[in-house]
Amino acid sequence: MIPEWTLRTRTMDTLSVSKALTGGTCPTDNEQCLKLEKTAIKIQSWWRGNLVRRTLLHEALRAWVIQCWWRSMQAKMLEQRRCLALRLYTCQEWAVVKVQAQVRMWQARRRFLQARQAACIIQSHWRWHASQTRGLIRGHYEVKASLLELDIEILMT
């Protein structure tokens with residue numbers, strides 16, 4: 001897309017400039033006419049150069065703005081990806097910690113139940129042994145025989 005002001009300057013040629021400068025006719029001296037044409041060409045080229053440079057500057061600024069916006073969007077997307085990766089990592093870590101806690105709790109409970117069962121067995125054996133030995137050592141035995149009947153009483157203290 002070419003701006004309107006560049007179209008207007010392109011339609012102007014050296015003859016129209018030289019005619020405008022001299023009042024519509026070229027002087028009889030060709031040297032002066034060539035000098036005016038060269039001067040007009042220089043002015044036109046300078047003006048067109050300015051227009052091109054201005055256009056290029058505007059386009060470069062627009063490209064720079066777009067590049068800045070794109071870089072900021074990339075930085076935001078990268079930060080979002082980092083946050084998502086961090087959240088995923090922390091969720092996985094918490095899951096691992098919870099599984100480890102459950103396994104350790106299960107192991108501790110199993111050891112506790114084994115110890116409790118062992119204690120119950122030891123207690124029952126100890127009570128049986130105590131009841132057997134206590135009756136023999138400290139017990140009071142009375143044997144009454146009457147009509148083929150035997151009563152044994154064991155007193156424990």
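Everything quoted here is computed from the prediction, not taken from an experiment.

Scanning the protein from N- to C-terminus turns up three helices and two strands. From first element to last, N terminus to C terminus, the protein shows the α and β order α-α-α-β-β. Scored against the burial criterion, the 157 residues of the protein give a buried share of 8%. Sequence-distant contacts in the protein: of pairs separated by 6 or more residues, those separated by 24 or more amount to 32%.

This part takes up the packing of aromatic side chains. As enumerated under the stated definition, the model contains two aromatic pairs in all. Geometrically, the ring pair formed by W46 and W47 is tilted, given 6.2 Å between the ring centres and 45 degrees between the ring planes. W46 sits in the exposed class, given a relative accessible area of 52%. Judged by relative accessible area, W47 falls into the partly exposed class, the value being 35%. Here the aromatic rings of W69 and W70 are separated by 6.2 Å at their centres, their planes lie at 45 degrees, and the arrangement is tilted. Residue classification places W70 among the partly exposed residues on the basis of a relative accessible area of 43%.

Take the confidence of the model for the protein next. On average, residues of the protein score 79 in pLDDT, and 66% of them reach the 70 mark or higher. Taken as a whole, residues 137-143 scores under 50 in pLDDT and shows 17 contacts with residues more than four places along the chain or in a different chain. Here residues 147-151 scores under 50 on pLDDT; set against residues more than four positions off or in separate chains, the count is six contacts.

Right, let's talk about a nonpolar patch on the surface for a bit. A cluster of nonpolar side chains, contributed by L57, L61, W64 and V65, occupies part of the molecular surface with about 410 Å² of accessible area. On the secondary structure map, W64 appears in helix α3 (residues 30-138).

Cut-offs applied
Residues numbered from 1 in each chain as written. Predicted model: local features only at pLDDT ≥ 70, side-chain atom pairs only at ≥ 80, totals over all residues. Heavy atoms only, no water. Helix = DSSP H or I, 4+ residues; strand = E, 2+ residues; numbered from the N terminus. Buried < 20%, exposed > 50% of the residue type's maximum accessible area, 1.4 Å probe, protein only. Contact = heavy atoms within 4.5 Å. Phe/Tyr/Trp six-rings, centres within 6.5 Å; stacked < 30°, edge-to-face > 60°. pLDDT = per-residue confidence, 0-100. Patch = residues over 30% accessible without salt bridge, like charges linked within 9 Å, V, L, I, M, F, W, Y side chains within 5 Å. Areas by Shrake-Rupley, 256 points an atom, 1.4 Å probe, with all protein chains shown as cover. Salt bridge = Lys/Arg side-chain N within 4 Å of Asp/Glu carboxyl O.

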